[in-house]
Structure formats: C-alpha cells, structure tokens
Amino acid sequence: MAPRATARTTTSAGIFIVLLAQLMLVLDSAVMNVGLPHIASDLHFGAASLSWVLNGYALAFGGLLLLGGRLGDVFGRLSVFWIGLAVFTVFSLLGGLATEPWMLVTARALQGVGAAIAAPSVLALITTTARDEAARNRALALFTAVSSGGAALGMLLGGVLTDVLNWRWTLFINVPIGLAVLATVRRHVADTPRRPGRFDVVGAITSTGAAATLVWTLIKAPEHGWLSAPTLLGLALAVGLAVALVVTERRHSHPLLRLGLLRSRTRVATLVTMAALYGGMLATFFLMVQYFEEDLGYGPLQTGFAFLPIPLSVFTMSRITPRLVARFSQPPIIVAGAVGVLTSFVLLNRIDASTSYWTGVFPALLAMGLSMGGSFMPITSLALQGVEPEHAGSASGLLQTMQQLGGAVGLAVIASVYASHGVPGDFLAGAHAGFAAASVIAALGLVSAATMLARPRAVVAERRPVAN
C-alpha cells in the first residue's frame, strides 16, 4: 500500500512541477504587455522597435517548436526539457538586467529558443507520466488550463509586478521558479529512452525556416501592407520552405515531422481549430489592453485585474471538462467551446462609449474563459490520440506550433484591420472592425470543429497508433 501511495505522490508531484514550468513559459508570452510603456521609457525604445520585445520571443518560440519536439523524441524528453528551461531561466535574468534595447530584444529571442526546446517535452512528459487514461485526462485538462488561461493570467501578473515593483520583475520572477523546477524535476519525473538514429538536418532547417519566415512576415505585414512586395515574398518563401519540408520528410528514414500525423482528418481539424481559437483570443488581449487603458483610463494593475474572469473561468473549467469528455466525448465539447468564443467576440463588438466594464466587457470575457477552458483540453486530447509514445514530442510540437502560428496570424490580421479602420482619438472605430475580424477567425474555427461531429466513427477509428 505504501509503495503505491508513494508512486501516486511522485506522479502527482512530477506533473505539478512540469505544469509549473509550462505556466512560466506561457506567462512570458503576455506578462510584459502591460509594462511596455515603462520599458520604452526606461530603455529609450523607439515606437517601431518596441514591438520586438514581444515579437522576438514569439518569433523564436513559434519557429523552433517542431525542432524542440523532435529533439525530445531523439535525446530524451526530460533531458531536452531541462536544457531548454535552463536556457530560458538564464536569459530571463539577463533580460531583466538589460540596459540597452538590443540587450533586451536579444534576451527575449533567446528566451524563446529555450521555451521552444522545453515546451513540446512538457506535454509529452505529462502524457507519459500519468498512471492511466483518467489521470491523463485530468493532467491534460490542467495543461490546457495553464496554456489557455496563462496568457490572461500573465496580463494580471504583469500589471501587479509593474505597478508594485517595476517591469524588470516580469523577467526576474522566472528565475526562482526556473531554478526550483530545474532542481526538483529529475527526482519526480523519469526520462524517456533515447532513440538513436539519423537526425533530420534538412527537415530541421526547412521547418524552422518555414515557421520563422511565416511568423516574421505576419508580424511585419501591418507595417508593410498585406499586398506589399515584402509580405508576398515572405509568404511565398514560407510556402516554398514548407513544400521542401514535405518532400524531405517523405524520403527521410527519421523525419522531423511525421507526415502520418497529418493523415488523420480529425487531427488536422483539431489543429485548425486550435489555431483559430487561440489566435482570436490573443488578438483580443491586444485590443482590450488599449480599451482598458485608453477608454476606461485603467492603470497597469487595474488592467491586469480586468482580465481576471478569463483565467478564473479557465481554471474552473479544467476541473469539470474531464468529466464532460468522459460523458459526451471530445467533438461536441469542442464545438460548444467554439460557439462560446464566437459569442464573446460578438458581445465585444457591441461595446460603445456608454458601455461599462460590468455590463459589456465582463460577460464577454467570462464567456471566452469558460469556452477556452472547455475546448482546449478535448482539442489537445484528440490531437494526441493514437500517437505512439516515441512520437509524442513531435505531435505536441506540431500542436503547439499551430497554436503559436495561430496567435501570430490572429494578431497580425486583427492589428492590421484595427489600424486600417482606426480614427485618431476614437479607439472603438478600429476596435469594432478588429472584433469583427476576430469573429470571422472564430467562425472558421467553429466550421473546422463542426467537421468532427460529422465523422464520429472516424474519430474512434483514428485512435489506433500513428505509423510513419
């Protein structure tokens, strides 16, 4: 009895430690948003270069996730996770100590490198550490709660740290957490076996190049214009590299991206749905920060607390969703979540000058949090369903790559729409167009999710292990 209890404690502790690291990685994509005006003042950033405090992290993170997933499969997920987290922690410290703009942007990019190496192994370690299917679903629910609610929680934490201390603590806070995880994780989580074989160098170059080029192009599109030569050339280069990746992966004996993962129509639908819903959510943060600070006159701390309905409802749903999945299966819950996200954007599009936070904004953010918290766990579960353990890192890297690319696409599209319809001194003129664009993106996610309802037998059939 005692050994079994000890094993349960060790498993729970291991999952908690890995989830703590995931929370830190996700928080970092949002925690600095509220502090950007203070960063610009302290380090003398220009208006154009300030965006790279966020984009430098997003570019490295989104561009290297597939590579990070494959590294975990080949060299052992715990070892790769440990190295990636160490890199992330070191450059969190150096970023907090930055005295020049280039120092901070460089540190943020290298934080993104560390996050991309560590993040795919987080999900893979969770799925392999859980004792059984029920424990796996509970762990996945917590993972998705951390991943979807962490960005909103980052806004709150960023506001608190910026207001009470200063913006540097949005980076310094990672150091003690990172050191604690690095010191304890090996005692509670077992490493996966190394799987020797030829490393897919061409696949690593083309996948990283395609993802990084796409993220870079989308980040710069609002500045250059969507039909400008740099944007069109960037998109063409990203497509060319993606084609080269597919050709390479078909021929390689140990591919970076197993094309068999994309033979499942259900998995492809979950990837598209994840990208659309996450992209709309991140873009909403971009618009709502400006609404809170410009129209409602909130400071950093009050702005952070204004986002609180999202993480609270996400974490609440993380306790309920596993039971819903056990009763109804994943597709209906995903569709319901997509409907809720779309509804939240429709509600936000009705904000006007007379709207108060409690009557107009709070219901929309609550609906968004409940919907995200309800849909992300079944999306993740379906995306990993039928994947052999030795390929879990590649599958989780693919899922998180789609999540990051969805965020980049959503933010770029909605920022561009907002800017093109903006009127000086009238935030709502551009914001209404931005929320309409977010509604279109969410509707695409809903259509993708609905295709899973039409193929219930296919979902069951695709549970068998993925071959090469």
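Preceding this section is the structure that the text describes.
Just so you know, these numbers come straight off a predicted model, no measurement behind them.

A. Region of interest: helix α12 (residues 265–295). When the terminal C-alpha atoms of α12 are compared, their 44 Å separation across 31 residues agrees well with the 45 Å that a helix rising 1.5 Å per residue should span. Where α12 ends, the next residue or the one after it, Gly297, has phi of about 70°, a positive value.

B. Spatial organisation of the packing of helix α14 (residues 309–328) against helix α15 (residues 330–348). The N-to-C vectors of α14 and α15 enclose an angle of 125°; their axes lie 7 Å apart at closest approach. In terms of orientation, α14 and α15 fall into the oblique class. The residues of α15 that touch α14, namely those facing Leu324, Val325 and Phe328, are Gln330, Pro332 and Ile333. Per-class residue counts for the contact of α14 with α15 are five nonpolar, one polar and no charged.

C. Representation of empty space enclosed by the protein in the model. Within this structure, the stated rule accounts for two cavities of 30 Å³ or more. Taken as a whole, the largest cavity holds about 90 Å³ of empty space. Taken together, ten residues line the largest cavity, and the ones lying closest to its centre are Gln22, Val26, Phe61, Gln403 and Gln404. Elements represented by at least two residues in the lining of the largest cavity include exactly α1 (2–27), α7 (133–164) and α17 (392–421). Counting residues per element, the lining of the largest cavity draws most heavily on α17, at three residues.

D. Focus on the nonpolar core. By size, the foremost hydrophobic cluster in this structure holds 105 residues, and its most contacted members are Phe81 and Phe292. No other element matches the 14 residues that α12 contributes to this core. In contact with Phe81, not counting residues within four places along its chain, are Ala21, Ala118, Ser121, Val122, Leu125, Val181 and Val185.

E. Spotlight on the packing of aromatic side chains. Summed over all chains, the structure comprises ten aromatic pairs. Consider the rings of Phe292 and Tyr357, whose centres lie 6.0 Å apart with planes at 55°: the pair is tilted. Of this pair, Phe292 sits in helix α12 while Tyr357 is found in helix α16 (residues 357–384), placing the two residues 65 residues apart along the sequence. No difference in accessibility class separates Phe292 from Tyr357, as the two residues are buried. Taken together, the ring pairs in this structure connect Tyr291, Phe292, Tyr298, Phe307, Tyr357, Trp358 and Phe362 into an aromatic cluster.

F. Fine view of α16. Helix length check: α16 (28 residues) gives 38 Å between terminal C-alpha atoms against 40 Å at 1.5 Å per residue, within 8%. Buried residues dominate α16, accounting for 21 of its 28 residues. Two residues or fewer past α16, Gly386 is found with a positive phi of approximately 80°.

G. Layout of the packing of helix α4 (residues 52–75) against helix α10 (residues 201–224). It is the contact of α4 with α10, at a shortest axis distance of 8 Å, that shows an interaxial angle of 150°. Viewed along their axes, α4 and α10 adopt a mutual orientation that is roughly antiparallel. Of the two elements, α4 crosses α10, and the hand of that crossing is right-handed. Here Trp52, Asn55, Ala58, Leu59, Gly62, Gly63, Leu64, Leu66 and Leu67 of α4 lie close against α10, whose contacting residues are Ala204, Ser207, Thr208, Ala211, Ala212, Val215, Trp216, Ile219 and Lys220. When its residues are assigned to classes, the contact of α4 with α10 shows twelve nonpolar, five polar and one charged.

Definitions and cut-offs
- Residues numbered from 1 in each chain as written.
- Predicted model: local features only at pLDDT ≥ 70, side-chain atom pairs only at ≥ 80, totals over all residues.
- Heavy atoms only, no water.
- Helix = DSSP H or I, 4+ residues; strand = E, 2+ residues; numbered from the N terminus.
- Expected span 1.5 Å × (residues − 1).
- Axes fitted to C-alpha atoms, helices over the stretch in contact; angles between N-to-C directions.
- Parallel < 35°, antiparallel > 145°, perpendicular 65-115°, else oblique.
- Contact = heavy atoms within 4.5 Å.
- Nonpolar A, V, L, I, M, F, W, Y, C, P; charged D, E, K, R; others polar.
- 1 Å grid on protein atoms, 1.4 Å probe; cavity = no way out; pocket = protein on both sides within 12 Å on 5 of 7 lines; lining within 4 Å.
- Points joined across faces, edges and corners; volume = space filled by probe spheres on them.
- Core = buried A, V, L, I, M, F, W, Y, C linked by side-chain atoms within 4.5 Å.
- Buried < 20%, exposed > 50% of the residue type's maximum accessible area, 1.4 Å probe, protein only.
- Phe/Tyr/Trp six-rings, centres within 6.5 Å; stacked < 30°, edge-to-face > 60°.
- Left-handed = near helix turned anticlockwise from the far one by under 90°.

Shape descriptors only; they carry no functional weight alone.
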